[in-house]
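# Structural features, examined
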Amino acid sequence: MDPLVGSKFDPEPGPGSPAGGSSPGTGGAPGAATEQRIAWLTLAIGVVAAIFTGLCYRWIWAAGLLIGSVLAYFNFRWLARGMDALVAASTAQAAAVQPRVPVGTYFRALFRYGLIAVVVYVIFKVLGISLVSMVLGLLTLGAAAVAASGYEVWHSIETENKT
């Protein structure tokens with residue numbers, strides 16, 4: 001698990017889901033392996049796209065793609081941390097009639113997007129890196145989530161065919 005977060009978010013998987021069991025080295029939480037897969041795929045897709053873009057087009061665009069994918073990685077990690085806080089708060093107040101979410105959770109969610117916007121703006125203004133390339137780099141998180149989901153579906157189909 002990434003030392004930045006130590007995520008404990010474990011959604012309830014459906015029957016037959018490969019995320020239903022815990023994987024070795026993931027802390028035992030269902031879904032933790034998928035979370036790790038999305039995190040490293042975000043960076044891997046960003047690096048591959050940056051190298052390809054640098055070789056075929058411009059290195060300044062490659063830098064933008066790489067910066068965007070690193071920001072997407074941190075955004076995903078901060079999102080997981082926020083979800084952990086919400087799950088912990090709701091679990092602690094399970095018997096309460098009207099559970100309260102800590103105000104800091106809302107602040108951190110807004111701060112996350114604000115910080116990404118400020119970093120992208122400063123890099124755009126100071127370094128002159130294309131805004132479009134950084135936004136495309138931010139989209140690597142979506143590509144990683146789709147790839148990880150496809151892997152989970154394929155893995156469950158293979159598991160069913162073996163039984």
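Residues numbered from 1 in each chain as written. Predicted model: local features only at pLDDT ≥ 70, side-chain atom pairs only at ≥ 80, totals over all residues. Heavy atoms only, no water.

### Notes on the overall build of the protein chain
- Regarding its fold elements, the protein chain presents 5 helices and 0 strands.
- Overall, the protein chain shows an N-to-C arrangement of helices and strands of α-α-α-α-α.
- Burial statistics for the protein chain: of 163 residues in total, 31% are counted as buried.
- Contacts in the protein chain between residues at least 24 apart in sequence constitute 67% of all its contacts with a sequence separation of at least 6.
- Summing over all exposed atoms, the protein chain offers an accessible surface of approximately 10,100 Å²; the carbon and sulfur share of this is 70%. (Helix = DSSP H or I, 4+ residues; strand = E, 2+ residues; numbered from the N terminus. Buried < 20%, exposed > 50% of the residue type's maximum accessible area, 1.4 Å probe, protein only. Contact = heavy atoms within 4.5 Å. Areas by Shrake-Rupley, 256 points an atom, 1.4 Å probe, with all protein chains shown as cover.)

### Details of the nonpolar core
- Ile38, Ala39, Leu41, Ala72, Tyr73, Phe76, Leu141, Ala144 and Ala148 together form the largest nonpolar core, which totals 9 residues.
- Where this core is concerned, the elements lending two or more residues are helix 1 (32–56), helix 2 (59–92) and helix 5 (140–162).
- Counting residues in hydrophobic clusters, the runner-up holds 6 residues, among them Leu71, Val120, Ile129 and Met134. (Core = buried A, V, L, I, M, F, W, Y, C linked by side-chain atoms within 4.5 Å.)

### Quick word on the environment of leucine 136
- Relative to the assigned elements, leucine 136 resides in helix 4 (residues 131–138).
- Leucine 136 gets classed as partly exposed once you look at its relative accessible area, which sits at 40%.
- Considering only alpha carbons, one finds leucine 136 and glycine 68, 68 residues apart in sequence, at a separation of 6.9 Å.
- Every residue in contact with leucine 136, bar those within four places of it in the chain, is listed here: Trp61 and Leu65.

### Some words on the side chain of serine 69
- By the secondary structure assignment, serine 69 is in helix 2.
- Beyond its immediate sequence surroundings of up to four residues, serine 69 is in contact with Thr42, Leu43, Gly46, Gly137, Leu138 and Thr140.

### As for helix 4
- Within helix 4 the residues assigned to the buried category are Ser133, Met134 and Gly137. Projected onto a plane normal to the axis of helix 4, the buried residues spread over an arc of 100° and lie on a single side.
- Close packing links the buried residues of helix 4 with helix 2, helix 3 (103–127) and helix 5.
- Sitting at the amino-terminal end of helix 4 is serine 130, which places a side-chain oxygen 3.3 Å from the backbone nitrogen of valine 132. (Arc of directions from axis to C-beta. Polar contact = N/O pair within 3.5 Å; in protein donor to acceptor, adjacent residues only side chain to side chain.)

What is shown is where atoms sit, not what they do.
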